[in-house]
Amino acid sequence: MILAILLFVLTYLLLLAFPQRRAWIALGSGALFLLLGILPADKALAAVDFNVLLMIAGTMGLVSLFIDSRMPALLADLILEHTPSVKWAVVALALFAGIVSAFIDNVATVLMLAPVALAVAEKLKIRPVSMIIAIAVSCNLQGAATLVGDTTSILLGGYAGLDFLDFFVFRGKPGIFWAVELGAVFSALVLLWLFRKENAPVRPGERTQVTDFVPSILLGSTILLLIAASFIPDKPAITNGVICMSLLAVGLVYTGVRQRSLAAVTKPLREIDLTTLGLLLGLFVVIGGITEAGVIDALASLLVKVSGSNLFFVYTLIVWASVLFSAFIDNIPYVTTMLPVVQGIAAMLGVDSTLLYFGLLTGSTLGGNLTPIGASANITAIGILRRKGYTVTNRDFLRVGLPFTLTAVTAGYLFLWVVWGA
């Protein structure tokens with residue numbers, strides 16, 4: 001167990017020190033767990049969740065096709081046509097970004113909507129920094145709302161066996177979707193207050209023309225098929241992953257035939273984030289190794305002892321510790337590590353693990369909004385602003401991110417306890 005702990009801690013330190021090499025670090029660590037015999041070779045494949053990897057790859061490729069069709073830009077234009085002032089435009093764009101990011105990648109959503117926000121700011125001759133930060137933090141909030149909203153959601157779905165509809169209604173009770181939406185409502189009020197002085201009228205420009213409606217149909221079909229799969233009992237473990245990859249294959253064939261270009265096929269494939277896939281593949285093996293060594297059970301026992309076996313204390317600790325940790329470290333390895341810990345805690349307390357699972361996802365997904373480096377969407381948004389010549393200070397980010405995060409997390413935290421814990 002000591003060797004497993006040392007190797008695990010070293011892995012985390014290297015991930016923090018060399019974020020650009022995190023896939024290779026995770027894969028190398030996984031290989032060491034196998035070579036040292038901490039995880040038996042015959043258990044390595046069982047430790048890897050291929051359903052999660054396939055879902056992420058398929059969704060990323062479909063999102064690329066969807067963005068290229070320009071449908072998201074058209075939807076943003078339609079929203080701006082119905083907003084009377086900058087204040088309401090910021091809130092509307094943030095809410096729209098959240099809705100979009102509940103189904104597609106957060107970074108992709110920021111890349112889609114940042115140009116819209118920049119155009120609005122340029123027309124009104126205002127600084128776009130706070131507007132784009134609001135879009136980024138809204139994307140991070142809604143990533144926890146659905147099965148396909150964020151990598152962490154896919155991880156939870158794969159580990160806990162949750163289907164698409166389980167995020168909405170699970171065992172006859174409201175799922176995490178409603179906790180996130182409650183947070184979205186209260187955080188929208190925060191944005192209204194922050195931008196209360198921005199009352200200049202908005203004059204939208206010419207509407208974006210959609211080049212192809214098929215990607216929108218494919219993305220919609222993915223969601224509908226994931227919903228349908230929720231009703232299939234005893235389905236194969238990789239069902240959701242096969243759905244996502246199959247519709248991506250259809251989209252690639254269609255695009256290749258329509259454009260008669262190999263580049264049109266390879267572009268969506270290049271948008272699949274191999275770094276994230278490699279990171280997860282390695283981490284699955286690492287987590288399998290520390291589980292096999294008994295580290296996960298020991299950590300769960302420690303947390304139960306610290307809490308005095310009090311469910312409310314454990315739940316509170318998981319939510320707010322996740323917020324703090326995710327403000328500074330990547331939430332993908334954090335959630336991957338904590339899922340089995342949470343399951344172990346629930347087993348020791350003799351309680352349903354749902355409350356703790358949802359609390360973990362809420363805290364870890366929203367915690368990234370506390371700092372500029374806490375989430376990929378934040379880093380992307382700041383990078384866009386800097387390329388446009390705008391300086392973004394920590395104060396600029398905290399002005400939006402801090403009240404937004406605390407409000408959204410508190411709303412979700414209380415909702416989940418009332419529904420699942422009380």
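A brief look at the structure comes next. Everything numeric in this text was worked out from a predicted model, so none of it was measured. (Residues numbered from 1 in each chain as written. Predicted model: local features only at pLDDT ≥ 70, side-chain atom pairs only at ≥ 80, totals over all residues. Heavy atoms only, no water.)

**Quick look at the pattern of salt bridges**
Note the following rule: In the sections that follow, a salt bridge refers to a side-chain nitrogen of Lys or Arg positioned within 4 Å of a carboxyl oxygen of Asp or Glu. We count a stretch as a helix when DSSP gives it H or I for four or more residues in a row; a strand needs E for two or more, and each element gets its number in order from the N terminus. Any residue under 20% of the maximum accessible area for its type is buried, any over 50% is exposed, and the rest in between are partly exposed; the area is computed with a 1.4 Å probe on protein chains only.
Tallied over the entire structure, the rule returns five salt bridges. A salt bridge links K267 to D68; the nearest nitrogen and oxygen atoms lie 3.2 Å apart. In this pair, K267 is assigned in helix α13 (residues 262-270) and D68 in helix α4 (residues 50-68), connecting sequence segments 199 residues apart. By relative accessible area, which is 36% here, D68 ends up partly exposed. In this structure, R258 engages D212 in a salt bridge whose closest nitrogen and oxygen atoms are separated by 3.7 Å.

**A short note on the packing of helix α16 (residues 311-326) against helix α17 (residues 331-349)**
To be explicit about the condition: Between N-to-C directions, angles cover 0 to 180 degrees, with each direction set by a line fitted to C-alpha atoms, over the stretch in contact for helices. Here roughly perpendicular refers to angles of 65 to 115 degrees, roughly parallel to angles under 35, roughly antiparallel to angles over 145, and oblique to all remaining angles. Only heavy atoms matter for contacts: two residues are in contact if any of them lie within 4.5 Å across the pair. Residue type decides the class: Asp, Glu, Lys and Arg count as charged, Ala, Val, Leu, Ile, Met, Phe, Trp, Tyr, Cys and Pro as nonpolar, and the leftover types, Gly among them, as polar.
Their axes nearest at 12 Å, the elements α16 and α17 cross at an angle of 175 degrees. One way to sum up the angle between α16 and α17 is to call them roughly antiparallel. Residues L311, V314, I318, A321, S322, F325 and S326 of α16 lie in contact with α17, whose contacting residues are N331, Y334, V342, I345 and L349. By residue class, the composition of the contact of α16 with α17 is nine nonpolar, three polar and no charged.

**Considering the environment of G308**
Mapped onto the elements of the fold, G308 is located in the loop between α15 (295-307) and α16. When the C-alpha atoms of G308 and L165 are compared, they prove to be 34 Å apart, with 143 residues separating the residues in sequence.

**Comments concerning the side chain of T11**
Definition in use: Polar contact is the term for a pair of N or O atoms within 3.5 Å; when the atoms are in protein, one must be able to donate a hydrogen and the other to accept it, and sequence-neighboring residues count only if both atoms are side-chain atoms.
Following the sequence through the fold, T11 ends up in helix α1 (residues 2-17). Overall, the relative accessible area of 4% leaves T11 in the buried class. Side-chain polar atoms of T11 contact the backbone oxygen of L7, separated by 2.8 Å. Discounting residues that sit within four places of it in the chain, T11 has contacts with I25 and S29.

**Looking at the packing of α1 against α17**
We apply this condition: Less than a right angle of anticlockwise turn of the near helix away from the far helix marks a crossing as left-handed, whereas a clockwise turn marks it as right-handed.
For the pair α1 and α17, interaxial distance at closest approach is 11 Å and the crossing angle is 160 degrees. Comparing the axis directions of α1 and α17 gives the class roughly antiparallel. Once α1 is placed against α17, the crossing between them reads as left-handed. Residues F8, Y12 and L15 of α1 touch α17, and the partners they reach there are P333, Y334 and T337. Taken together, the residues that form the contact of α1 with α17 break down as five nonpolar, one polar and no charged.

**Remarks on the nonpolar core**
Within soluble globular proteins, side chains that are nonpolar generally end up buried alongside one another. So the rule is basically this: Remark: nonpolar core denotes a set of buried residues (Ala, Val, Leu, Ile, Met, Phe, Trp, Tyr, Cys) joined through side-chain atoms within 4.5 Å.
In this structure, L191 and I345 are the most contacted members of the largest nonpolar core, which totals 143 residues. Once you skip the residues sitting within four places of it in the chain, I345 turns out to touch A300, L303, V304, V314, I318 and L356.

**A look at the packing of aromatic side chains**
What counts, and what does not: Pairing of aromatic side chains requires ring centres within 6.5 Å, counting the rings of Phe and Tyr and the six-membered ring of Trp. Pairs whose planes differ by under 30 degrees are stacked, by over 60 edge-to-face, and all others tilted. Sitting over a ring, as applied to charges here, requires NZ of Lys or CZ of Arg to be within 6 Å of the ring centre and within 35 degrees of the ring normal.
If you walk through the whole model with that rule in mind, you get 12 aromatic pairs. Grouped by ring-pair contacts, the aromatic residues F312, Y315, W320, Y413 and W417 constitute a single cluster. When the ring centre of W420 is taken as reference, the NZ or CZ atom of K173 above it lies at 5.0 Å. Over the ring of W193 we find R196; its NZ or CZ atom is 4.3 Å from the centre of that ring.

**Thoughts on helix α2 (residues 22-35)**
Residue pairs three or four apart in sequence face the same way in an α-helix, which turns once every 3.6 residues. How we decide: Take the residue count of a helix, subtract one, and multiply by 1.5 Å to get its expected span. Relevant arc is that of directions from the helix axis to the C-beta atoms, nothing else.
Over its 14 residues, α2 extends 20 Å from the first C-alpha to the last, a length consistent with the 20 Å expected when each residue adds 1.5 Å. When we look at burial in α2, the residues that qualify are R22, A23, I25, A26, S29, G30 and F33. Mapping the buried residues of α2 onto a view down its axis gives an arc of 165 degrees, with all of them on the same face. Along α2, exposed side chains directed more than 90 degrees from the buried face belong to W24 and L35. Buried positions along α2 lie against α1 and α14 (274-292).

**What about unusual backbone geometry?**
Unusually for a residue other than glycine, R171 sits at a positive phi of about 50 degrees. The topology assignment puts R171 in the loop between β1 (169-170) and β2 (173-174). Here R171 falls in the exposed class, since its relative accessible area comes to 59%. Phi at R260 is positive, roughly 50 degrees, even though this residue is not glycine. Position of R260 among the secondary structure elements: in the loop between α12 (239-259) and α13.

**Topic: a nonpolar patch on the surface**
Condition: Each patch is built from residues that are more than 30% exposed by relative accessible area and take part in no salt bridge. Like charges join if they lie within 9 Å; nonpolar side chains (Val, Leu, Ile, Met, Phe, Trp, Tyr) join within 5 Å. For the accessible areas, the method is Shrake-Rupley and the probe is 1.4 Å, while residue cover comes only from the protein chains on display.
Judged by side-chain polarity, M1, I5, V9, L13 and L16 come together as a nonpolar surface patch covering roughly 450 Å² of accessible area. Inspection of the secondary structure puts L13 in helix α1.

**A few points about helix α11 (residues 214-229)**
For α11, spanning 16 residues, the distance from its first C-alpha to its last is 22 Å, which sits close to the expected 22 Å at 1.5 Å a residue. Listed in full, the buried residues belonging to α11 are P215, S216, L218, L219, T222, I223, L226 and A229. Buried residues along α11 sit in contact with α4, α5 (71-80) and α12.

**Concerning the environment of T109**
Mapped onto the secondary structure, T109 falls in helix α7 (residues 106-124). Judged by its relative accessible area of 0%, T109 is buried. T109 sits 167 residues away from T276 along the chain, and the two C-alpha atoms are 17 Å apart.

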